[in-house]
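# Commentary on secondary and tertiary structure
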Amino acid sequence: MYKRKALISLILSLSTILVAAQSTRIKGTVKDADNGEPIPFAGVYFDGTTIGTTTDLDGNFFLETRSKDAHILTASILGYEPASYVVVPGAFSEVNFVLTPTLNRLNAAIVKPDNSYMKSILRKISDARDRNDPEKRPEFACDVYSKTEIDLANPNEQMKNKILRKHFGFVMDYIDTSAVSGKPFIPAMIAETKSRRVHQLSPLINKELISASRISGLNQDNVLLQYTGATHFRANFYDNYINVFGVDVPSPATIFGEAFYNYYLVDSLALDGRKTYVIRYHPKKIVSTPVFDGEMNVDATDFGLRSVKARLAKGANVNWVRDYVTETENRRVGDTAWFYLKDNIYADFAVTKKDTRLFISLLGKRENYYSNPVFSVAGDAPQTRNDDAVKVASDAGEHDDKWWDKERPYALTEKEQGIYEMVDRVQNVPFYRTAYDIINMIAVGYYETKYIGIGQYSTLFAFNNLEGFRMRLGARTTKNVSKKVRLTGYVAYGFRDHRFKGGGNIEWVFSQDPWRKLTLTAKHDVIQLGRGTSAILTESNIFNSIFARTTNKKLCPVTEFSLKYDRELASWFNTSLSLESIRIGANRYVPMVTPHGETWNSILTNQIHWQGRLSFRESVTRGVFKKGYMHTKYPVITVDLSGALRDFLGTDFGYLRSELTIDYRVSTVPLGMARLRFNVGKIFGQVPYPLLKLHEGNDSFFFDKGAYACMEPYEFASDLWTTLFYEQNFGGYFLGKIPGIKKLNLREVFTLKMAWGTISKQNDGRPLQEGRIEAPFIFPAGLGSLRKPYVEMGVGISNILTCIRVDAFWRVTHRYIINAEGERVKSPNRFSINVGFEFHF
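Just so it is clear, the model here is predicted, and its values are computed rather than measured. In this convention, every chain numbers its residues from 1, walking through the sequence in written order. Given that the model is predicted, a residue must reach a pLDDT of at least 70 before its local features are reported, and side-chain atom pairs must reach 80 or more before they are shown or counted; all residues, however, enter totals for whole chains, interfaces and linings. Hydrogen atoms and water are omitted, and side-chain values are computed over all heavy atoms in the structure.

## Let's talk about the overall build of the protein
In this description a helix means any DSSP run of H or I spanning at least four residues, a strand means any run of E spanning at least two, and both kinds are numbered starting from the N terminus. Scanning the protein from N- to C-terminus turns up 10 helices and 46 strands. Scored against the burial criterion, the 841 residues of the protein give a buried share of 50%. For the protein, the accessible surface area stands at approximately 39600 Å², while carbon and sulfur atoms represent 59% of it. Each residue is placed in one exposure class: buried if its accessible area under a 1.4 Å probe, protein chains only, is under 20% of its type's maximum, exposed if it is over 50%, and partly exposed if it falls in between. Reported accessibility uses the Shrake-Rupley method at a 1.4 Å probe radius. Residues are deemed covered only where the shown protein chains occlude them.

## Focus on the sheet that holds strand S4 (residues 60–65)
As summarised here, the arrangement of the 3 strands in space is S4-S1-S7, forming an open sheet in which the pairing is mixed. The sheet terminates laterally at S4 and strand S7 (92–99), the two strands that pair on one side only. With strand direction ignored, the average angle separating the axes of adjacent strands in the sheet is 20°. Between any two strands, at least two bridges found by DSSP are needed for them to pair. Pairing of strand S1 (residues 24–32) with S7 involves 8 bridges; the strand directions are parallel. What sits directly across from Arg25, in S7, is Phe92. Helix axes use the C-alpha atoms of the stretch in contact, all axes being lines fitted to C-alpha atoms, and the angles between their N-to-C directions lie in the range 0 to 180 degrees.

## Remarks on a nonpolar patch on the surface
Patch membership requires more than 30% relative accessible area and the absence of a salt bridge. Residues of like charge join within 9 Å; the nonpolar side chains Val, Leu, Ile, Met, Phe, Trp and Tyr join within 5 Å. What makes a salt bridge here is a side-chain nitrogen of Lys or Arg within 4 Å of a carboxyl oxygen of Asp or Glu, nothing more. Together, Ile438, Ile442, Tyr447, Tyr451, Ile452, Ile454, Tyr457, Leu473, Val481, Val491 and Phe500 make up an exposed nonpolar region whose accessible area comes to about 1000 Å². Among the elements of the structure, helix H9 (430–444) and strand S23 (452–455) are those that each provide at least two residues to the nonpolar patch. With respect to the secondary-structure elements, Tyr451 resides in the loop between strand S22 (446–448) and S23.

## Section: the sheet that holds strand S3 (residues 52–54)
Sheet architecture is open: 4 strands sit in the order S3-S2-S5-S6, paired in antiparallel fashion. This sheet does not close on itself; its edge strands, each paired only once, are S3 and strand S6 (83–86). On average, each strand axis in the sheet is inclined to that of its neighbour by 15°, with strand direction left out of account. With 3 bridges connecting them, strand S2 (residues 43–46) and S3 associate as antiparallel partners.

## As for the environment of Thr521
Topologically, Thr521 is positioned in strand S28 (residues 515–529). Owing to a relative accessible area of 18%, Thr521 belongs among the buried residues under this scheme. C-alpha of Thr521 to C-alpha of Glu560: the two residues are 39 residues apart in sequence and 7.6 Å apart in space. Note on contacts: a residue pair is in contact if any heavy atoms of the two residues lie within 4.5 Å. For Thr521, the contacting residues outside a window of four places in its chain are Gly504, Asn505, Glu560, Phe561 and Ser562.

## Thoughts on the nonpolar core
One finds Phe237, Phe292, Met296 and Leu305 to be the most contacted residues of the largest nonpolar core, which totals 37 residues. Not counting chain neighbours up to four residues away, the residues in contact with Met296 comprise Leu122, Pro252, Ala253, Tyr263, Tyr277, Val278, Ile279, Tyr281, Leu305, Ser307 and Val308. For the purposes of this section, nonpolar cores are sets of buried Ala, Val, Leu, Ile, Met, Phe, Trp, Tyr and Cys residues that join through side-chain atoms within 4.5 Å. Among the nonpolar cores identified, the runner-up in size contains 29 residues, and Leu466, Cys556, Ile584 and Tyr714 belong to it.

## Some remarks on unusual backbone geometry
With an omega of -10°, the peptide bond running from Gly455 to Gln456 counts as cis. Here Gln456 lies in the loop between S23 and strand S24 (461–464). For the bond from Asp513 to Pro514, the omega torsion is 0°, close enough to zero to count as cis. Inspection of the secondary structure puts Pro514 in the loop between strand S27 (499–512) and S28. Phi at Phe303 is positive, roughly 60°, even though this residue is not glycine. Structurally, the position occupied by Phe303 is in the loop between strand S16 (292–299) and strand S17 (305–312). Positive phi, close to 70°, is recorded for Thr802, a residue that is not glycine. Tracing the backbone shows Thr802 in the loop between strand S42 (790–800) and strand S43 (804–811). Among the residues examined, Thr802 registers a relative accessible area of 23% and is labelled partly exposed.

## Overview of helix H8 (residues 419–427)
Among the residues of H8, Ile419, Tyr420, Met422, Val423 and Val426 are the ones counted as buried. Summarising the axial view, the buried residues of H8 lie within an arc of 160°, below the 170-degree limit, and thus occupy one face. At its buried positions, H8 is contacted by strand S8 (139–153), helix H5 (162–168), strand S10 (184–200), strand S11 (205–215), helix H7 (414–417) and H9. Comment: arc refers to directions from the helix axis out to C-beta atoms.

## A short note on the pattern of salt bridges
All told, the structure shown has 47 salt bridges when counted by the stated rule. For Glu258, the salt bridge goes to Lys119, with nearest N and O atoms at 3.9 Å. Taken together, the residues span a long stretch of sequence, with Glu258 in the loop between strand S13 (247–250) and strand S14 (261–271) and Lys119 in helix H2 (residues 115–127) at a distance of 139 residues. What makes Glu258 partly exposed here is its relative accessible area of 23%. Of the residues examined, Lys119 reaches a relative accessible area of 32% and is grouped as partly exposed. For the salt bridge of Glu659 with Arg657, the shortest nitrogen-to-oxygen distance reads 3.3 Å. There is no split in this pair, since Glu659 and Arg657 are both buried. Salt bridges sharing common partners tie together Arg675, Lys705, Glu727, Arg805, Asp807 and Glu838.

## Regarding the environment of Leu460
Mapped onto the secondary structure, Leu460 falls in the loop between S23 and S24. Note on Leu460: relative accessible area 25%, which makes it partly exposed. A C-alpha to C-alpha distance of 6.0 Å links Leu460 and Leu473, two positions 13 residues apart in sequence. Setting aside residues up to four positions removed in sequence, Leu460 forms contacts with Arg470, Met471, Arg472 and Leu473.

Put into structure tokens, the structure is as follows:
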């Protein structure tokens, strides 16, 4: 006994020294000694601390802490003798407790869900939300330290490959173990930021000002810097939903959660002298939408959330995520205010959700620590004038190791400190550079050398009825040439028309924040008008060639010169102003014949084009040459105006074209996600049919969200129009209830697309209309009006093998059309099958 006590004392003494710079990670189970059954809701905690958790329904638990007092781990529950275990500090341990039942088995607790009582607690949490949720406070500011880490899981299996072991064997010196999964891993990337979070309700301010940041292996101008702070991927359990990589998961801490979870009041503890409810929650069996499984500690006096641990339930329909855990811990500041203390996120990403070691698995970890909260933003007001949610200081990457050692809330482990050196060694391996270049080519479409990128690979080959077989080769400069100016160009050749085409542009970025960019473009190519939604002028590529429903494409030559200036007036208001000269040529597919029989070879328009985009609280990326729009939960409004003066620099027709578009992505949990797009427009003036609104048709089997699947290009035109696209992705709500199919993670989709429009007399060139034709050109055969609304509907299955989507569409209206002879015949496009790719979590 004496030797045992001495050994324990020695271990505890050494651990006091070691744990200061280490993370103690525990994973294990609690089982019954008599029958081996798991014991749910058992308390597992470090003696003498408030650090602990409870076991889930399967008796599993995990803990991770940097506390110096985490030495002895104890498991206990009413009806069993408690058991303790001396852990090794600063390391990973797997601890499996076996508890012996007490002699008086009548004292054993049988815990059942008490949703009726819990409903009252959830209501009190919701009622006290405005008082306890920091985001509902009038204003606050605080300092935040964030650490993000990306790890490669199961490295032992990967390193069995001789090639990998030869080039990267040295990384095994950095191997560690995850507390959540128990998997060994190698750190692949680490990022740290120090920032100031500023929040105000009126006027609304919600910003993060990053003063220091560094990412292993990446330059300080990398777009990822904007995502290393505390703003993105945070979970606020006072909200009805928690966003997990674009999937809304019901929060267990609101009254809304009663529909999705069973609740168990496990215990009540005294934490910081205050009574606290320990509540476990688990998904109801009837639920087929993604939900959490975990526990929360709720203050019994003012019903503030002291802490919440949430793990994505097994079988959740979230792609490429095998495991996901988010934890948040709050503290009282003063007598009444609850505020953030820290929050963590853990995610296990893999190609397949099966626990196979044949595929690479990535582990992502994020830790945020909050300090120095104040409930006034007066001292931070000058820094919040920029409209971006995240602002990275220009000198954020200029801090040395000594500065970081001083500013961190805790010391990095030896292996964490070595990640920066390890990543530099990895990047110097030639094999890594080759693999990186190939993956980057797939992502951006160009194979990039140091100074030149060659591509795009999707347009290298194509086929159409005008050019026959077509080849195209392009190139662009990289940011190693210049981070302000980029040159892009391409040349193409058609083997049937024996003509060269080509184009290029010069991009000049004056400022990334706020965004200001000038683009000069010149090109001559063959393009099909009124096809697809990527642009009014759509180019040939390998995809629309392979999936073409017909080779009878109505391509025409287009020569374009433009000067475009993009200007960000505010983060919520982005504009562009363009001067455009466009010459559209005629051919046998796109004839230009006047009502008097005169044939035109082309038309020229020199127009001014303005676009304004309004969005609220939208996440954006600021790349070297491109500003990207990521996500907002509010509608996005776009106003588009273009116009030309007749005879100005040879312009053939004068007009004004105006459009308004509203895009809205709205959560409809538990029925998935809805997407709506509403568009209305009007063209003033007399224009030929190539300048009318040519409603977007899809003449291929390739899925296009913004085109009508059962409509051909050049089938309908308007000068006054309105359209509505509605898509409901149910996220597996129905199929997830069917045994055997549920595990496939399929998702049901319903689509409704509508369009209505008219053509004024001066622009109506239909040859079969009554009276004299006043339009500049006679419409080609098949081009008609939408005075009778066009409606098509579709149903489909998405998420096939996580990325394939198949939809069946059919026309509801315009099932009969008038052919060139004036006869009423069945439309050849009453029904269509579309196949496409979608990459969503």
